[in-house]
Amino acid sequence: MGLGGCILLIGAGAILAFATDWEMDTVNVDLVGWIMMLVGLVGVFVYASIARRRRMVVPPTTTVVTEDERRYP
């Protein structure tokens, strides 16, 4: 799940938990919203930890030629 999916889960969960007043006999909609927000937050933290590992800086392997080192025919 990408970062966008995690943010979508957090937003939908917040809507279910705070902005609705639906009553169902079998499902607690507020609890479903809180669970969705929790799963979205865990996803954001996992995504951030994976993205941090991918950001390793590798020095360039090619040599840099300056103006003084160029030879013109």
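The structure under discussion appears in the preceding block.
This section reports on the structure supplied with the text. (Residues numbered from 1 in each chain as written. Predicted model: local features only at pLDDT ≥ 70, side-chain atom pairs only at ≥ 80, totals over all residues. Heavy atoms only, no water.)

With that out of the way, let us pick up the overall build of the protein. When helices and strands are counted, the protein shows two helices and zero strands. When each of the 73 residues of the protein is scored for burial, the buried share is 15%. In the protein, the proportion of contacts linking residues at least 24 apart, taken out of those at least 6 apart, comes to 50%. Just so you have it, the protein exposes about 6,500 Å², and 65% of that area is on carbon and sulfur atoms. (Helix = DSSP H or I, 4+ residues; strand = E, 2+ residues; numbered from the N terminus. Buried < 20%, exposed > 50% of the residue type's maximum accessible area, 1.4 Å probe, protein only. Contact = heavy atoms within 4.5 Å. Areas by Shrake-Rupley, 256 points an atom, 1.4 Å probe, with all protein chains shown as cover.)

Take a nonpolar patch on the surface next. A contiguous nonpolar surface patch, about 670 Å² in accessible area, is contributed by Met1, Phe18, Leu31, Trp34, Ile35 and Val39. Ranked by the residues each element gives to the nonpolar patch, the list is headed by helix H2 (residues 29-54), at four residues. Its location among the elements puts Val39 in helix H2. Look at Val39 and you get partly exposed, because its relative accessible area is 39%. (Patch = residues over 30% accessible without salt bridge, like charges linked within 9 Å, V, L, I, M, F, W, Y side chains within 5 Å. Salt bridge = Lys/Arg side-chain N within 4 Å of Asp/Glu carboxyl O.)

Aromatic ring pairs are reported here in terms of the distance separating the ring centres and the angle at which the planes meet. Enumeration over the complete set of coordinates arrives at one aromatic pair. An angle of 85° between the planes, with centres 5.3 Å apart, marks the rings of Phe18 and Trp34 as edge-to-face. A residue pair is termed long-range when its members are at least 10 positions apart, and Phe18 in helix H1 (residues 3-19) and Trp34 in helix H2 qualify at 16 residues. Here Phe18 falls in the exposed class, since its relative accessible area comes to 56%. Assessed through its relative accessible area of 47%, Trp34 is described here as partly exposed. (Phe/Tyr/Trp six-rings, centres within 6.5 Å; stacked < 30°, edge-to-face > 60°.)

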